[in-house]
Amino acid sequence: MQNWITDIIEQFGYFGVFLMIALENIFPPIPSEVILTFSGMMTSFSKLSVWGVILAATAGSVFGAAVLFKVGTYLDVPRLEKIVDRWGKVLRLKREDIYKADSWFDKYGYWAVLLCRLVPLIRSLISIPAGMSGMRFSLFLLFTTIGTLVWNTILVYVGAAFGRNWEQVVQFMDIYSNIMYALLAAGLLVFVLLFMKKRRKQ
């Protein structure tokens, strides 16, 4: 996959960066770390500029996030209620759980969108619950753009600084990603255990 990504960027330049990052948002397994650091490295010997790459990557991120946001709008609360009414006993969920989650996202959703743009994998998937919650699309785009701009700027500049050794950055980001995945898995496990404990008491 890494060779395919780098070939696309070498051949199509800014549009290649836009396309790869847009796909990365819609299909998270595509690694943005490779796309951004390689693009940053290319600015040292090609016609690509650092800020041109950053802007192309940010536009691609926002486009991909908007697509997933739209997907999320089809999974609104009424539809989730129908799912819970039918499968709630199997999933151990009640309508009240949906309302609590929706209320939490209404309260902290914008900050969640902003901060999660800095977390691998989650940075893409956060767009779906944002759409589900009925978040204002204009504010979603604003917070998505800010968080994405920070992420893209850091990795592109680091890639430009490391030059031909950009793969060292990717290796470091792999470690960062694995740590974040471990923390997310631990957090999810704790949440599930607490949720099941609460259900048993009820």
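Scoring rules and cut-offs
Residues numbered from 1 in each chain as written. Predicted model: local features only at pLDDT ≥ 70, side-chain atom pairs only at ≥ 80, totals over all residues. Heavy atoms only, no water. Helix = DSSP H or I, 4+ residues; strand = E, 2+ residues; numbered from the N terminus. Buried < 20%, exposed > 50% of the residue type's maximum accessible area, 1.4 Å probe, protein only. Contact = heavy atoms within 4.5 Å. Areas by Shrake-Rupley, 256 points an atom, 1.4 Å probe, with all protein chains shown as cover. Core = buried A, V, L, I, M, F, W, Y, C linked by side-chain atoms within 4.5 Å. Expected span 1.5 Å × (residues − 1). pLDDT = per-residue confidence, 0-100. Axes fitted to C-alpha atoms, helices over the stretch in contact; angles between N-to-C directions. Left-handed = near helix turned anticlockwise from the far one by under 90°. Nonpolar A, V, L, I, M, F, W, Y, C, P; charged D, E, K, R; others polar. Lys, Arg positive; Asp, Glu negative; His and termini not counted. Salt bridge = Lys/Arg side-chain N within 4 Å of Asp/Glu carboxyl O. Polar contact = N/O pair within 3.5 Å; in protein donor to acceptor, adjacent residues only side chain to side chain.

Section: the overall build of the protein
Logical step 1: Along the backbone of the protein there are 10 helices and 0 strands.
Logical step 2: Starting at the N terminus and walking to the C terminus, you meet the elements of the protein as α-α-α-α-α-α-α-α-α-α.
Logical step 3: The buried share among the 202 residues of the protein stands at 42%.
Logical step 4: Pairs at least 24 apart in sequence give 76% of the contacts found in the protein among residues at least 6 apart.
Logical step 5: With the model as given, the accessible surface of the protein reaches about 11600 Å², and the carbon-plus-sulfur share is 69%.

Remarks on the nonpolar core
One broad rule of soluble globular proteins: the nonpolar side chains tend to lie buried together.
Logical step 1: Ile9, Val17 and Leu36 are the most contacted members of the largest nonpolar core, which totals 21 residues.
Logical step 2: Sorting elements by how many residues they give to this core places helix H3 (residues 32-42) first, with 6 residues.
Logical step 3: Membership of the second largest hydrophobic core comes to 12 residues, among which are Phe105, Cys116, Ile126 and Phe143.

Let's talk about the environment of Phe143
Logical step 1: Summarising the element assignment, Phe143 is placed in helix H9 (residues 137-162).
Logical step 2: Taking the C-alpha atoms as reference, Phe143 lies 6.4 Å from Val113; in sequence the two are 30 residues apart.
Logical step 3: Every residue in contact with Phe143, bar those within four places of it in the chain, is listed here: Tyr110, Trp111, Val113 and Leu114.

Side note on H9
Logical step 1: Counted at 1.5 Å a residue, the expected span for H9 with its 26 residues is 38 Å, and the 37 Å between its end C-alpha atoms agrees.
Logical step 2: Within H9 the residues assigned to the buried category are Phe140, Phe143, Thr144, Gly147, Thr148, Trp151, Asn152, Thr153, Leu155, Val156 and Gly159.

Considerations on the side chain of Ser39
Logical step 1: Along the chain, Ser39 falls in helix H3.
Logical step 2: You can call Ser39 buried: its relative accessible area is 0%.

Comments concerning the confidence of the model for the protein
Logical step 1: On average, residues of the protein carry a pLDDT of 76, and 65% of them reach 70 or more.
Logical step 2: Helix H4 (residues 50-73) holds the highest mean pLDDT among the elements of the protein, 92, whereas helix H10 (residues 166-201) holds the lowest, 58.

So, the packing of helix H2 (residues 14-26) against H4
Logical step 1: Running from N to C, H2 and H4 point in directions that differ by 35°, and their axes come no closer than 7 Å. Seen along the crossing, H2 lies across H4 with a hand that is right-handed. Contacts from Tyr14, Val17, Phe18, Ile21, Ala22, Asn25 and Ile26 in H2 reach Gly52, Val53, Ala56, Ala57, Ala59, Gly60, Ser61, Phe63, Gly64, Ala65, Val67 and Leu68 in H4.
Logical step 2: In terms of residue class, the contact of H2 with H4 is made up of 14 nonpolar, 5 polar and no charged.

Here's the deal with the side chain of Arg117
Logical step 1: Structurally, Arg117 is set in the loop between helix H6 (95-116) and helix H7 (122-125).
Logical step 2: For Arg117, which is buried and forms no salt bridge, the nearest opposite charge comes from Glu24, at a distance of 5.9 Å.
Logical step 3: A polar contact of 3.1 Å, which involves the side chain of Arg117, links it to the side chain of Thr148.
Logical step 4: With residues up to four places along the chain from it excluded, the contact list for Arg117 reads Asn25, Ser61, Ala65, Arg123, Ser124, Ile126, Ser127, Thr144, Gly147, Thr148 and Trp151.

Quick look at the environment of Ile26
Logical step 1: Its location among the elements puts Ile26 in helix H2.
Logical step 2: In the structure, Ile26 is positioned 101 residues away from Ser127 in sequence and 9.7 Å away in space, judged by C-alpha atoms.

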